[in-house]
Amino acid sequence: MTYSIPTGGRLISSDVQGTAVIAATGGGPSYPSDAFVMTVETTTASETVQIPTTGAGYSCTVDWAGESTDNYSGTAPTVSHVFATAGQYQIVITGTFPRVYYNDAAYRLQPISVDQWGDVGITSMSDAFEGCSNLVSVAANGPNVASWARAFSKCSALNAVTGLMDGVSAITDGSNLFKNCAISMIPTGFLDDCTALGNASAMFEGNDFASIPPTLFANCTTITTLRSTFQSCSSLTAIPSGLFDGLTLVGDCSLTFSSCSALVTIPSGLFGDCTLATAFTNCFKNTSSLTAIPSGLLDNQAFTTVASMFQSSGVTSGDFGTWDWTACTNANLFLSGCTINTTDYNASMIGIEAQAVQNGVSFHGGNSVATGSGLTARNDLVSDHSWTITDNS
């Protein structure tokens, strides 16, 4: 091995709580450029550290912070070591190690950082560090593999991801990738190399950032679903104009910004290029700081469902009668809990009734009131098209 660590993993320092810190001498650790390197922390004496595996194809050497060097091979080998003293230990793996597989199960609290990805033949990042709630940072230039589903889901301390996706051109599945992490800022250009990304569902759900880079998806034109992509990002205040430009293959926008409670505005034409999108269920549900439905939001979509789209949001204005309602079969709870001003609600009813709409649609207008010609249009939807409309008219 060409890296330097304390001989035998000696305890060389201790904090005031008595936690051991294992560190290199001299100018810091060095290790082969092709090694996978991670740091773990034990909290008790004689604690077993295990790096979970799955599947076949392992043929690797693991250096356990200088205490021992062990070889592992075959299918799902038990890669483990007992450290006598509680502390932080850097583990170096060389050879072939196809999967890291914590999968929200045992030993998930031990990893605290990924220091280098190296080149150990990782074939999938699915579930790799799921549930590793003490993981704080990961190295740049992650494995160039297709599936990253749930790779860091529920890593609730993870906030440093700069450069992680650099060079990851093979990713197709990014579903739940960073769900319920602690990312406070998405770096500019973060997904620039992810040109094959198709599934972005729940990719950033439940994170802490207040803004999104306008060009986040500029090179990701193969995305087919935005379901829950930014759901429950409770610090998000605004959506940048053009965020979804070029995403012509997207079919599902359900829950995309649901429960983004600090969201104040939606840019006009946000979904303008998402002409294949049919599902917008719960898209802006529980966005209590939102006040207006922008013009042209769904003018280009032959959507089938907008059920609960703005339920329990703060919207009071917006003419949604310009949208293409001809394919809609479900608008149940669409504006439940909201009150659109009478002028805009009248215009919306008139605009919808003028279209060749489907029969038997359930529509919820919240506490809104239609009057005059707006009321006539509303009633015509009921009598002529068997719509069930709930509002305060």
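Residues numbered from 1 in each chain as written. Predicted model: local features only at pLDDT ≥ 70, side-chain atom pairs only at ≥ 80, totals over all residues. Heavy atoms only, no water.

**Focus on the overall build of the chain**
At step 1: A count of helical and extended segments in the chain gives 2 helices and 12 strands.
At step 2: Across the chain, helices and strands are ordered from the amino to the carboxyl terminus as β-β-β-β-β-β-β-β-β-β-α-β-α-β.
At step 3: Taking the principal axes of the C-alpha coordinates as reference, the chain spans close to 85 × 40 × 30 Å.
At step 4: Residues classed as buried in the chain amount to 51% of the 393 residues present.
At step 5: For the chain, long-range pairs separated by at least 24 residues make up 74% of all intrachain contacts whose partners lie at least 6 apart in sequence.
At step 6: Total accessible area on the chain stands at roughly 14,200 Å², and carbon and sulfur atoms take up 47% of it.
At step 7: In the chain, which carries 9 positive and 29 negative side-chain charges, the distance between the mean positions of the two groups comes to 10 Å. (Helix = DSSP H or I, 4+ residues; strand = E, 2+ residues; numbered from the N terminus. Buried < 20%, exposed > 50% of the residue type's maximum accessible area, 1.4 Å probe, protein only. Contact = heavy atoms within 4.5 Å. Areas by Shrake-Rupley, 256 points an atom, 1.4 Å probe, with all protein chains shown as cover. Lys, Arg positive; Asp, Glu negative; His and termini not counted. Charge placed at Lys NZ, Arg CZ, Asp CG, Glu CD.)

**Examining the pattern of salt bridges**
At step 1: By the definition in use, this model includes 6 salt bridges.
At step 2: The salt bridge involving Asp 104 is made with Lys 154; its shortest N-O contact spans 2.6 Å. In this pair, Asp 104 sits in the loop between β8 (87–96) and β9 (111–116) while Lys 154 sits in the loop between β10 (137–138) and α1 (342–353), placing the two residues 50 residues apart along the sequence.
At step 3: Classification of Asp 104 as partly exposed rests on a relative accessible area of 29%.
At step 4: Across the salt bridge formed by Arg 227 and Asp 252, the nearest N and O atoms sit 3.4 Å from each other. You can see Arg 227 sitting in the loop between β10 and α1 and its partner Asp 252 sitting in the loop between β10 and α1, a full 25 residues away along the chain. (Salt bridge = Lys/Arg side-chain N within 4 Å of Asp/Glu carboxyl O.)

**Points about the packing of α1 against helix α2 (residues 372–385)**
In helix packing, the relevant descriptors are the interaxial angle and the interaxial distance, both defined with respect to the helix axes.
At step 1: One way to put it is that α1 packs onto α2 with a least axis distance of 8 Å and a crossing angle of 40°. Of the possible angle classes, the one that applies to α1 and α2 is oblique. Crossing geometry of α1 relative to α2 is assigned as left-handed. Note on element contacts: α2 touches α1 through Ser 373, Gly 374, Leu 375, Ala 377, Arg 378, Asp 380 and Leu 381, opposite Asn 346, Met 349, Ile 350, Ile 352 and Glu 353.
At step 2: A class-by-class count of the residues in the contact of α1 with α2 yields 6 nonpolar, 3 polar and 3 charged. (Axes fitted to C-alpha atoms, helices over the stretch in contact; angles between N-to-C directions. Parallel < 35°, antiparallel > 145°, perpendicular 65-115°, else oblique. Left-handed = near helix turned anticlockwise from the far one by under 90°. Nonpolar A, V, L, I, M, F, W, Y, C, P; charged D, E, K, R; others polar.)

**A closer look at the nonpolar core**
At step 1: Core analysis: the largest hydrophobic core is formed by 109 residues, its most contacted members being Phe 129, Phe 152, Phe 284 and Trp 325.
At step 2: Residue assignment for this core shows that the elements contributing at least two residues are β3 (36–41), β4 (47–51), β5 (58–64), β7 (79–83), β8, α1 and α2.
At step 3: Per element, the largest residue contribution to this core is 4 residues, and it comes from β5.
At step 4: Ignoring anything within four residues of it in the chain, the contact list for Phe 284 reads Ile 239, Phe 257, Leu 263, Ile 266, Leu 270, Phe 271, Leu 290, Leu 297, Met 309, Phe 310, Gln 311 and Ser 313. (Core = buried A, V, L, I, M, F, W, Y, C linked by side-chain atoms within 4.5 Å.)

**A look at the side chain of Ser 313**
At step 1: Assignment of secondary structure puts Ser 313 in the loop between β10 and α1.
At step 2: Look at Ser 313 and you get buried, because its relative accessible area is 8%.
At step 3: Within the structure, the side chain of Ser 313 is placed 2.8 Å from the backbone oxygen of Phe 310, a separation counted as a polar contact.
At step 4: Not counting the four nearest positions on each side in its chain, Ser 313 is found in contact with Phe 284, Asn 286, Thr 287, Ser 288, Leu 290, Gly 337 and Cys 338. (Polar contact = N/O pair within 3.5 Å; in protein donor to acceptor, adjacent residues only side chain to side chain.)

**Looking at the packing of aromatic side chains**
At step 1: Taken as a whole and judged by the stated rule, the model has 37 aromatic pairs.
At step 2: When the ring of Phe 204 is compared with that of Phe 230, the centres are 5.8 Å apart and the planes differ by 5°; the resulting orientation is stacked. Placement of Phe 204 in the loop between β10 and α1 and of Phe 230 in the loop between β10 and α1 is noted, with a sequence separation of 26 residues between them. Here Phe 204 and Phe 230 have matching classes, each one buried.
At step 3: Seen from their ring centres, Trp 323 and Trp 325 are 5.9 Å apart, and the 10° between their planes marks the pair as stacked. The pair formed by Trp 323 and Trp 325 is uniform in burial state, with each residue classed as buried. (Phe/Tyr/Trp six-rings, centres within 6.5 Å; stacked < 30°, edge-to-face > 60°.)

**Topic: the environment of Ala 200**
At step 1: Inspection of the secondary structure puts Ala 200 in the loop between β10 and α1.
At step 2: Residue classification places Ala 200 among the buried residues on the basis of a relative accessible area of 0%.
At step 3: A sequence separation of 93 residues divides Ala 200 from Ile 293, and the C-alpha atoms of the two residues are 24 Å apart.
At step 4: Excluding its chain neighbours within four sequence positions, the residues that come into contact with Ala 200 are Ile 223, Thr 225, Leu 226, Arg 227 and Thr 229.

**Brief notes about the pairing of β5**
On any regular strand, side chains alternate: one points to one face of the sheet, the next to the other face.
At step 1: Taking burial as the measure, the 7 residues of β5 include 6 buried ones, the bulk of the element.
At step 2: Bridging between β5 and strand β6 (residues 69–74) involves 6 bridges; their strand directions are antiparallel. Along β6, the bridge assignment pairs Asp 63 with Thr 69.
At step 3: Counting the residues between successive antiparallel strands, the hairpin from β5 to β6 contains 4 residues, one of them, Ala 65, with a positive phi of roughly 55°.
At step 4: By the bridge criterion, 6 bridges tie β5 to β8 in an arrangement that is antiparallel. Across the sheet, Ser 59 pairs through a bridge with Thr 96, a residue of β8. (Pairing = 2+ DSSP bridges.)

**Things to note about the environment of Ser 33**
At step 1: In this fold, Ser 33 is placed in the loop between β2 (20–21) and β3.
At step 2: The exposure class of Ser 33 is exposed, given its relative accessible area of 65%.
At step 3: Considering only alpha carbons, one finds Ser 33 and Leu 276, 243 residues apart in sequence, at a separation of 44 Å.
At step 4: Once residues lying within four places of it in the same chain are set aside, the contact partners of Ser 33 are Gln 116 and Gly 118.

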